[in-house]
Amino acid sequence: MKRMAVAATAMFAAAALALTGCSAERGGGAGDTGGSSDEAKGFAADATIGVALPDKTSENWVLAGQLFTDGLKEAGFKADVQYAPASNTVAEQQNQIQAMVTNGAKVIIIGAKDGKQLATQVQAAKDAGAYVIAYDRLIENTEAVDYYVAFDNFKVGELQGQALLDGLEERAGHDAPYNIELFSGSPDDANSAVFFDGAMKVLQPKIDDGTLKVVSGQTEIAQTATEGWLAENAQNRMDTILTGSYGGDTVLDGVLSPNDTLARAIITSVQQAGKPVPVVTGQDSEVESVKSIMEGVQYSTINKDTTLLVEQAIKMVGQLQKGEKAEVNDTEQYDNGVKVVPAYLLDPVIVTKENAEEAYANVPSLLDIVKSYE
Ligand code: BGC
């Protein structure tokens with residue numbers, strides 16, 4: 001999504017709007033659609049705010065649900081927080097969002113299960129006068145999404161790519177070339193390509209100059225994907241690659257893993273194959289991965305402090321409630337296919353054993369874990 005050639009699509013969308021006579025205006029007033037001159041209108045201070053979250057495959061989503069429930073109530077709103085169930089997830093999330101619209105939610109915050117399949121529901125929200133904030137994952141191919149709040153996910157990928165390089169130099173125990181494998185997230189999550197593109201910006205030149213060798217030859221994102229972000233799918237793929245490409249003395253030096261859940265699955269696969277643990281990256285600062293990093297097993301993770309992200313989203317709701325536009329700090333990078341969605345991006349932090357104490361200085365639960373290894 002990021003860094004797409006946006007000009008042509010944006011012009012097309014503007015022309016289409018002019019032709020159909022549509023405007024950014026909505027039932028209950030007009031929202032900031034990133035270019036509209038209309039003033040935003042507020043809503044009741046105790047309005048219902050819907051929060052639709054995708055699943056519980058990572059700790060960050062579980063925590064986000066709790067924080068939204070508590071934080072929205074504290075801010076005076078009624079919170080309607082829903083997770084899509086493990087089966088039939090996309091259809092269920094569509095139904096949940098539709099129900100939030102019907103029940104009169106004034107803002108709907110969405111962590112999309114499949115960001116390409118929510119255009120109808122998001123449009124229904126807009127038609128009903130509600131604002132839509134895409135949370136952590138972009139919602140694609142619709143004009144009706146008002147804002148995006150996320151950590152800078154392209155930067156997450158860049159940090160992961162750099163950590164893999166740093167870790168290889170530090171731990172591989174030999175000079176380049178290094179044997180590596182690449183993993184990416186679920187193809188239905190818009191973030192997966194953003195993480196991968198960010199990482200490949202760093203890694204591709206090193207593949208091209210021979211510093212890195214992807215022994216399986218699987219370098220296309222479609223080949224590296226992990227359906228549903230499920231640990232078992234990453235573990236199975238790693239098993240298959242080890243059998244097919246790492247027979248005999250061939251050593252796997254490093255693995256690009258897009259998050260912690262998959263990192264631990266990859267490490268398990270390598271351990272079960274009786275091979276030395278490679279340098280493995282991650283993301284989310286999950287408890288088990290922070291422990292693993294402190295034990296010198298997993299190499300890195302990313303701190304995307306969910307508390308800060310939820311706080312920012314709730315802050316945006318507060319601004320919209322008062323009739324203000326929500327504050328954004330990026331209006332260029334996140335093109336959803338038909339518009340560049342105004343975004344508030346937070347800064348992700350790379351974490352290795354070396355800087356863990358500093359990185360988690362404001363996350364007491366993780367800081368305690370780090371200190372217990374001192
Ligand atoms: C989130 C990651 C998370 C992954 C799997 C992504 O969209 O940005 O933090 O690890 O989903 O849940």
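Placed above this text is the structure.
The sections below set out a description of the structure shown in this document. Nothing here was measured: the structure is a model prediction, and the numbers come from that model.

So, the packing of helix H8 (residues 231–245) against helix H9 (residues 260–272)
So, step 1. Running from amino to carboxyl end, H8 crosses H9 at an angle of 35°, the nearest separation of the two axes being 8 Å. In the crossing of H8 with H9, the sense of the turn from one axis to the other is right-handed. Contact with H8, carried on its side by Ala-231, Ala-234, Gln-235, Met-238, Asp-239 and Leu-242, involves Thr-261, Leu-262, Ala-265, Ile-266, Thr-268, Ser-269, Val-270 and Gln-272 of H9 and no other residues of that element.
So, step 2. Of the residues belonging to the contact of H8 with H9, the class tally is eight nonpolar, five polar and one charged.

Observations regarding the environment of Thr-352
So, step 1. On the secondary structure map, Thr-352 appears in strand S14 (residues 349–352).
So, step 2. Look at Thr-352 and you get buried, because its relative accessible area is 15%.
So, step 3. With 51 residues separating them along the chain, Thr-352 and Thr-301 place their C-alpha atoms 6.7 Å apart.

Side note on the pairing of strand S8 (residues 178–182)
So, step 1. Across the five residues of S8, five count as buried, placing the element largely inside the fold.
So, step 2. Of the two faces of S8, the one carrying Tyr-178, Ile-180 and Leu-182 and the one carrying Asn-179 and Glu-181 are both buried.
So, step 3. Here three bridges tie S8 to strand S9 (residues 212–214), and the two strands are oriented parallel to one another. Bridge pairing in S9 links Tyr-178 to Leu-212.
So, step 4. In the sheet, S8 pairs with strand S10 (residues 254–256) via three bridges, with the strands oriented parallel.

Here we look at the packing of aromatic side chains
So, step 1. Counted according to the given criterion, the structure contains five aromatic pairs.
So, step 2. Measuring from centroid to centroid gives 6.0 Å for Trp-61 and Tyr-135, while their planes differ by 65°, and the two rings are edge-to-face. With a gap of 74 residues between them, Trp-61 in helix H2 (residues 59–74) and Tyr-135 in strand S6 (residues 131–135) connect regions that are remote in the sequence. Each of the two residues, Trp-61 as well as Tyr-135, counts as buried.
So, step 3. An aromatic cluster is present here, built from Trp-61, Phe-68 and Tyr-135 joined pairwise through their rings.
So, step 4. The residue whose ring lies beneath Lys-56 is Tyr-83, and the NZ or CZ to ring-centre distance is 4.5 Å.

Regarding the sheet that holds S9
So, step 1. One open sheet accounts for four strands, arranged S9-S8-S10-S11; its pairing is parallel. At either end of the open sheet lies a strand with only one pairing partner, and these are S9 and strand S11 (279–280).
So, step 2. On top of the sheet, helix H5 (residues 153–171) reaches S8, S9, S10 and S11; it is set at about 170° to S10, its chief contact.

What to know about the packing of helix H10 (residues 287–294) against helix H13 (residues 364–371)
So, step 1. Between H10 and H13, the shortest axis-to-axis distance is 10 Å and the interhelical angle comes to 30°. Taken together, the axes of H10 and H13 lie roughly parallel to each other. The handedness of the crossing between H10 and H13 is right-handed. Touching Val-287, Val-290, Lys-291 and Met-294 of H10 are Leu-366, Ile-369 and Val-370, all from H13.
So, step 2. Taken together, the residues of the contact of H10 with H13 break down into six nonpolar, no polar and one charged.

Let's talk about the site of the ligand
So, step 1. Around the ligand, a shell composed of 14 residues is seen, among which Asp-136, Arg-137, Asp-189, Asp-284 and Lys-304 lie nearest.
So, step 2. In the model, an oxygen atom of the ligand is placed 2.9 Å from a nitrogen or oxygen of the Trp-61 side chain.
So, step 3. Contacts to the ligand include Asn-191, whose side-chain N or O atom sits 2.9 Å from an oxygen atom.
So, step 4. Among the elements of the structure, H2 and helix H6 (190–208) are those that each provide at least two residues to the shell around the ligand.
So, step 5. Class assignment for the residues of the shell around the ligand results in three nonpolar, six polar and five charged.
So, step 6. Composition of the shell around the ligand by domain shows at least three residues from each of domain 1 (3–151 + 305–346) and domain 2 (153–304 + 351–371).

Section: the pattern of salt bridges
So, step 1. Scanning all chains against the criterion turns up nine salt bridges.
So, step 2. For Lys-113, the salt bridge goes to Asp-55, with nearest N and O atoms at 3.2 Å. With a gap of 58 residues between them, Lys-113 in the loop between strand S5 (107–110) and helix H4 (119–127) and Asp-55 in the loop between strand S3 (48–53) and H2 connect regions that are remote in the sequence.
So, step 3. Looking at Lys-113, the relative accessible area reads 10%, which means it is buried.
So, step 4. On the basis of relative accessible area, Asp-55 is assigned to the buried category, the value being 8%.
So, step 5. Put simply, Arg-264 and Glu-286 hold a salt bridge, and the shortest N to O gap is 3.0 Å. You can see Arg-264 sitting in helix H9 and its partner Glu-286 sitting in the loop between S11 and H10, a full 22 residues away along the chain.
So, step 6. For Arg-264, a relative accessible area of 25% gives the class partly exposed.

Procedures and definitions
Residues numbered from 1 in each chain as written. Predicted model: local features only at pLDDT ≥ 70, side-chain atom pairs only at ≥ 80, totals over all residues. Heavy atoms only, no water. Axes fitted to C-alpha atoms, helices over the stretch in contact; angles between N-to-C directions. Helix = DSSP H or I, 4+ residues; strand = E, 2+ residues; numbered from the N terminus. Left-handed = near helix turned anticlockwise from the far one by under 90°. Contact = heavy atoms within 4.5 Å. Nonpolar A, V, L, I, M, F, W, Y, C, P; charged D, E, K, R; others polar. Buried < 20%, exposed > 50% of the residue type's maximum accessible area, 1.4 Å probe, protein only. Pairing = 2+ DSSP bridges. Phe/Tyr/Trp six-rings, centres within 6.5 Å; stacked < 30°, edge-to-face > 60°. Lys NZ or Arg CZ within 6 Å of the ring centre and 35° of its normal. Parallel < 35°, antiparallel > 145°, perpendicular 65-115°, else oblique. Near = heavy atom within 4 Å. Polar contact = N/O pair within 3.5 Å; in protein donor to acceptor, adjacent residues only side chain to side chain. Domains from an automatic or database assignment. Salt bridge = Lys/Arg side-chain N within 4 Å of Asp/Glu carboxyl O.

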